[in-house]
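# Results of the structural survey
This is what each chain is made of:
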Amino acid sequence: MGFLQSKRALVMGVASNRSIAWGIAQAIHRQGGELAFTYQEERLAERVRKLAAAVDSQRVLPCNVAQDESITSVFEQLAASWDTLDVVVHAIAYAPREALEGDFSQVSREAFHIAHDISSFSLTAVSRHAATLMANGGSIVTLTYLGAERVVPNYNVMGLAKASLEANVRYLAADLGAKNIRVNGISAGPIKTLAAAGIPEFRSFLEHARNTSPLKRNVDIHEVGNAAAFLCSELASGITGEILYVDAGYSTIGMST
Ligand SMILES: NC(=O)c1ccc[n+]([C@@H]2O[C@H](COP(=O)([O-])OP(=O)(O)OC[C@H]3O[C@@H](n4cnc5c(N)ncnc54)[C@H](O)[C@@H]3O)[C@@H](O)[C@H]2O)c1
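Residues numbered from 1 in each chain as written. Predicted model: local features only at pLDDT ≥ 70, side-chain atom pairs only at ≥ 80, totals over all residues. Heavy atoms only, no water.

## Some points on the site of the ligand
Around the ligand, the surrounding shell holds 28 residues, and the nearest of these are Gly 13, Ser 19, Gln 40, Ile 191 and Thr 193. Between the ligand and the protein, one listed contact pairs an oxygen atom with a side-chain N or O atom of Thr 193 at 2.5 Å. Contact with the protein chains covers 93% of the free accessible surface of the ligand, which is 810 Å². Structurally, the ligand is housed in the largest pocket. Among the secondary structure elements, those contributing two or more residues to the shell around the ligand are strand E5 (138–144) and helix H6 (194–197). If you tally residues by element for the shell around the ligand, the top one is H6, at three residues. Of the residues assigned to the shell around the ligand, the class counts are 20 nonpolar, seven polar and one charged. (Near = heavy atom within 4 Å. Polar contact = N/O pair within 3.5 Å; in protein donor to acceptor, adjacent residues only side chain to side chain. Areas by Shrake-Rupley, 256 points an atom, 1.4 Å probe, with all protein chains shown as cover. 1 Å grid on protein atoms, 1.4 Å probe; cavity = no way out; pocket = protein on both sides within 12 Å on 5 of 7 lines; lining within 4 Å. Sits in = over half its atoms within 2 Å of the grid points. Helix = DSSP H or I, 4+ residues; strand = E, 2+ residues; numbered from the N terminus. Nonpolar A, V, L, I, M, F, W, Y, C, P; charged D, E, K, R; others polar.)

Now the structure itself:
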């Protein structure tokens, strides 16, 4: 029996079979969890439905986190068939392409706003809806990156949005803890996904992490998936407000040989 047996999990952020959210969904499925998915826009619907079917899920709903009514609608639809919810995986981020290159100081007000709205505020909005369904407590997991704490070339405004997201994890954990809802983040090493492809020179992120990390390799979506499944489960019942690094140890290195 898996350690997420009979737990109900909503996974937000699958765009392809390379998505970190897909690695997490597969790990939750392996551990016996029941899954629902959201997709951002219609062009992704069919692809996400096929992936969902592979992990025995027919619950696939649209959700654009830029719109309050879209978030409200997902949780209303979920509540119609699920009386409780145990897990939410938030694997969503976006910044306009032009804000992910060039001089950081030139970032526009609009790009700054969008990056924070989609990549950080959405966690707050989703968590407050999820909490109403988490009658028995629950676990919320989001995805962050080292660019929140250190300067990484081209990551620019997304670094600020991830810093906000990490603070969001701590404030939500404090707010929802009395309801036995835990909120944590995973800081993943670089992985080639659709979102990563939007960052110029992303290949050098992979190369640098591979050469410098203690494990001398990159991580993959399955390793992030397993760590997320752990955080979602009772095995992590004492952990909240934390950022867990799944980066082959890269973040621990000050200078490599
Ligand atoms: N790939 C990496 O190297 C890496 C490393 C650390 C953290 N992360 C984080 O992991 C998370 C998942 O990204 P990924 O790398 O798997 O890429 P991905 O492109 O597969 O996933 C990003 C998801 O965000 C969704 N999204 C964007 N705007 C949205 C909106 N308005 N409404 C709803 N959904 C929206 C996309 O549809 C997509 O499903 C992101 O938060 C990302 O910052 C990625």
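## Quick look at empty space enclosed by the protein
One pass over the full model with this rule turns up two cavities of 30 Å³ or more. Roughly 40 Å³ of volume is contained in the largest cavity. Taken together, Tyr 145, Leu 146, Ser 187, Ala 188, Gly 189, Pro 190, Ala 209, Tyr 245, Asp 247 and Tyr 250 make up the lining of the largest cavity. Across the lining of the largest cavity, the residue classes break down as seven nonpolar, two polar and one charged. Taken as a whole, the second largest cavity spans an internal volume of roughly 30 Å³. (Points joined across faces, edges and corners; volume = space filled by probe spheres on them.)

## Thoughts on the nonpolar core
Core analysis: the biggest nonpolar cluster contains 41 residues, and Val 11, Ile 28, Phe 37 and Ile 186 have the highest contact counts within it. For this core, the elements supplying multiple residues, two or more each, are strand E1 (8–12), helix H1 (20–30), strand E2 (34–39), helix H2 (45–54), strand E4 (87–90), E5, strand E6 (181–188) and helix H8 (221–232). Not counting residues within four places of it along the chain, the set of residues in contact with Phe 37 comprises Leu 10, Val 11, Val 14, Trp 22, Ala 25, Val 48, Ala 52, Val 55, Ser 57, Arg 59, Val 60 and Leu 61. If you look at the next biggest cluster of nonpolar residues, it comprises 31 residues, including Val 169, Ala 173, Ile 181 and Val 183. (Core = buried A, V, L, I, M, F, W, Y, C linked by side-chain atoms within 4.5 Å. Buried < 20%, exposed > 50% of the residue type's maximum accessible area, 1.4 Å probe, protein only. Contact = heavy atoms within 4.5 Å.)

Keep in mind these values describe shape, not function.
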